[in-house]
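Residue-level structure breakdown
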Amino acid sequence: MPPYAGDLAADVNVLLAAHRCEITREHVPRVAREAVALARRFGVDPGAARTAAWLHDVGGIVRRADMVALCESLGVAVVPEERQVPMLLHARISVALARGRYGVTDAATLQAIRVHTTLHAEPTPLDLVVFLADKLEWDQGGIPPYHAELSAALDGGLMAGARWMLTWMASPQANLLIPHPELRAAWAAFGVIPPA
Ligand SMILES: [Fe+2]
Ligand SMILES: [Fe+2]
C-alpha cells in the first residue's frame, strides 16, 4: 500500500479500486454526499460527517475469511455474532484503518464509523448522520425500497429517522443474517420490538 498522501476521497477511491471493491467504491461517495447534506441540515459538523462517511466501509478491503484473525491481532474483542458473520467486523477494521492509515484521532468520528451498520444504545447526532446516510444510499443496487418512507421520517429529525430505520431493520423485509448485540441494544433503547 503506498503511503497516504493527504487527499481522503482520492485515496479511498484508489484503495477500494486496488482491492476490487467496486460496489463499495461506487457506494462510498454517495454516502459521503448524503452524510454532509444531513449534517448541514441537522447542525452536525459536516467535516466529521464527511471523514466518517468516506472511511466507514474501507475495512471491506480485508477478505471476510481474514476478518476475525485480523481483529484478534488488533486486540479487538470479537463477539460470537461477529464470528458467525465476519462481515460485521468490517466497521471495526475501518476504525483501525482510519486511525492507522489516515491519522484520525477524533473519538466521535471513530465511533460513528464503528456503529454505522448497527447503531447502538446512545447514538450521537454524528452517529445518526452516518448510519442514516449509509442506509439512504445503500450498496444493494438501485434505490432502497424504504427510501421515501425514511426520508419522510427524517422530517421529524435524526432520532425519528433512526427509529423508523431501526423498526424496518427489525422487520422480515430486512432479512438480517443475525442481529448484532449493538443493534439489539439500539432496538431496546428506541423501543423497537425485535424480531421473534
Ligand atoms: Fe458498512
Ligand atoms: Fe456502507
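For the structure given in this document, a descriptive report is provided here. (Residues numbered from 1 in each chain as written. Chains lettered and ligands numbered in written order. Predicted model: local features only at pLDDT ≥ 70, side-chain atom pairs only at ≥ 80, totals over all residues. Heavy atoms only, no water.)

Quick word on the pattern of salt bridges
In total, this model carries 10 salt bridges according to the counting rule given. In this structure, Arg-83 engages Glu-72 in a salt bridge whose closest nitrogen and oxygen atoms are separated by 2.9 Å. With Arg-83 in helix α5 (residues 80-84) and Glu-72 in helix α4 (residues 64-73), this pair connects stretches of sequence that are 11 residues apart. Glu-81 is the salt-bridge partner of Arg-184, the closest N and O atoms lying 3.4 Å from each other. With a gap of 103 residues between them, Arg-184 in helix α11 (residues 181-190) and Glu-81 in helix α5 connect regions that are remote in the sequence. Members of the salt-bridge network, linked through shared partners, are Glu-26, Arg-30 and Glu-137. (Salt bridge = Lys/Arg side-chain N within 4 Å of Asp/Glu carboxyl O. Helix = DSSP H or I, 4+ residues; strand = E, 2+ residues; numbered from the N terminus.)

Re the coordination of the iron ion (ligand 1)
For the iron ion (ligand 1), every protein donor is listed as Asp-57 (OD), His-90 (NE2) and His-116 (NE2), and the spread of their distances is 2.0 to 2.1 Å. When the donors of the iron ion (ligand 1) are listed by position in the chain, the intervening gaps give D-x32-H-x25-H. The iron ion (ligand 2) is placed at 3.5 Å from the iron ion (ligand 1), the two being bridged by Asp-57. Linking Asp-57 in the loop between α3 (46-55) and α4 with His-116 in the loop between α7 (107-114) and α8 (125-136), this pair joins segments that are 59 residues apart in sequence. For Asp-57, a relative accessible area of 7% translates into the label buried. (Donors = N, O, S within 2.8 Å, 3.2 Å for Na, K, Ca; no water. Buried < 20%, exposed > 50% of the residue type's maximum accessible area, 1.4 Å probe, protein only.)

Quick word on the coordination of the iron ion (ligand 2)
Looking at the iron ion (ligand 2), the protein donor atoms are His-27 (NE2), His-56 (NE2), Asp-57 (OD) and Asp-134 (OD), and they sit 2.1 to 2.2 Å from it. Given four donor atoms and angles of 84 to 174° at the metal, the environment of the iron ion (ligand 2) is assigned as irregular. (Tetrahedral: all angles 85-135°; square planar, octahedral: opposite > 155°, others 65-115°.)

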